[in-house]
Amino acid sequence: TAKALPQTVKAIDTALSGVIKILGYPTSFLGEYANYSLQKVKNKLSIKLNGKDNIVPPPIYLAAPLLQKCQFTADSEHLHSLFANLLATAMTEDMQELAHPAFIEIISQLSPEEAKILFNFPDLLPMCAIRFQKRDNSNHEWGAPFKYSSEGKDYIPHIILYNGVKIRTEDDLRKIGSITDNFARLGLIVLDTSSHFVKQEHYAQICSVMKPFLSSNACPPNDEAVLIPQSANLTDFGKQFLKACVL
């Protein structure tokens, strides 16, 4: 990693001096740990902003709560990096408008694993549900194990294959569903359970991973376990979040 230019380090210290003074950082918070967190933020800013000549003081309404929240994440690399990247965006003159204050709360409501996923987020979000439904003769155009939804219930909904998330058990699938729900709850993605992407190839991997779980003993005897192809998409708000906090 290239060493930060002295003028970059000085510009960062100058730009942050006002908000740090207002916060009384670090003495009014967690002492040495807060100081460690702040220094870690500055180190990341030095890398992110190295050589830029458009470094400006961040808005207090964003920087103050961000630094307060950030100090509790210093030992979670990806969460801490989301905060640091958001601050870097707020300190870059021609990017400040991307730095929405709601992003602070969004990061605060992510788990470390969810934060890690965002740094390698899929371009497309094919989604499936494992569903128990009454056996019938209808077939999906793609053939088994895909089916159109009919009378029954979702067994494991909102499954998306996120990069780096290992799937070994049904509990892993349910965790993925919870991750998807949280991204949707936070407004980063929108779930479409009534339609899917046109190309079957987008579902090849998820089909391969899901097939072993379709023989679940939990399926009622008169039902069949099927895959319902669905989709999810990044919202405009989610795209802005990624630009401000990840890219």
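What comes next is a walk through the structure. (Residues numbered from 1 in each chain as written. Predicted model: local features only at pLDDT ≥ 70, side-chain atom pairs only at ≥ 80, totals over all residues. Heavy atoms only, no water.)

Pairing is antiparallel in the open sheet, where four strands are placed in the order β2-β1-β4-β3. Of all the strands in the sheet, the pair left with one neighbour each is β2 (152-159) and β3 (189-192). Taking the axes of each pair of neighbouring strands and ignoring which way they run, one obtains an average angle of 25 degrees across the sheet. With ten bridges joining them, strand β1 (residues 125-134) and strand β4 (residues 223-234) adopt antiparallel strand pairing. Counterpart to Cys128 in the pairing with β4 is Pro229. Strand contacts of helix α7 (residues 170-185): β1, β2 and β3, with the helix running at about 70 degrees to β2, the strand carrying the most contacts. (Pairing = 2+ DSSP bridges. Helix = DSSP H or I, 4+ residues; strand = E, 2+ residues; numbered from the N terminus. Axes fitted to C-alpha atoms, helices over the stretch in contact; angles between N-to-C directions. Contact = heavy atoms within 4.5 Å.)

The next subject is unusual backbone geometry. Cis peptide bonds are those with omega within 30 degrees of zero, and the linkage from Ala144 to Pro145 qualifies with 5 degrees. Note that Pro145 resides in the loop between β1 and β2. In this structure, His158 takes a positive phi of about 60 degrees despite not being glycine. Tracing the backbone shows His158 in strand β2.

What follows covers the packing of helix α3 (residues 60-70) against helix α4 (residues 77-90). Relative to each other, α3 and α4 sit at 165 degrees, their axes nearing to 10 Å. As summarised for this structure, α3 and α4 are arranged roughly antiparallel, according to the angle between their axes. Judged by the twist between their axes, the crossing of α3 over α4 is left-handed. Two secondary-structure elements touch here, α3 through Leu62, Ala63, Leu66, Leu67, Lys69 and Cys70 and α4 through His80, Phe83, Leu86, Leu87 and Ala90. Among the residues making up the contact of α3 with α4, the classes are represented as nine nonpolar, one polar and one charged. (Parallel < 35°, antiparallel > 145°, perpendicular 65-115°, else oblique. Left-handed = near helix turned anticlockwise from the far one by under 90°. Nonpolar A, V, L, I, M, F, W, Y, C, P; charged D, E, K, R; others polar.)

Attention now moves to the side chain of Glu114. For Glu114, the position within the fold is in helix α6 (residues 112-118). No salt bridge forms around the buried Glu114; measuring N to O, its nearest opposite-charge neighbour Arg185 is 7.0 Å away. Within polar-contact distance, the side chain of Glu114 engages the backbone nitrogen of Ser111 at 2.9 Å. Excluding anything up to four places from it in sequence, Glu114 contacts Gln109, Ile179, Asn182 and Phe183. (Buried < 20%, exposed > 50% of the residue type's maximum accessible area, 1.4 Å probe, protein only. Lys, Arg positive; Asp, Glu negative; His and termini not counted. Salt bridge = Lys/Arg side-chain N within 4 Å of Asp/Glu carboxyl O. Polar contact = N/O pair within 3.5 Å; in protein donor to acceptor, adjacent residues only side chain to side chain.)

Let's shift gears to the pattern of salt bridges. For the structure on display, the rule yields eight salt bridges. Its salt-bridge partner being Asp223, residue Lys134 comes within 3.5 Å of it at the nearest N-O pair. Of this pair, Lys134 sits in strand β1 while Asp223 sits in strand β4; the two residues are 89 residues apart in sequence, bridging distant segments of the chain. For Lys134, a relative accessible area of 39% gives the class partly exposed. A residue is classified by how much of its surface remains accessible, and Asp223, at 9% relative accessible area, is buried. Measuring nitrogen to oxygen at the nearest pair gives 3.2 Å for the salt bridge that ties Lys147 to Asp136. Of this pair, Lys147 sits in the loop between β1 and β2 while Asp136 is found in the loop between β1 and β2, placing the two residues eleven residues apart along the sequence. Relative accessible area serves as the criterion here: at 8%, Lys147 is assigned to the buried category. Among the charged side chains, a network of salt bridges with common partners joins Lys40, Lys44 and Glu77.

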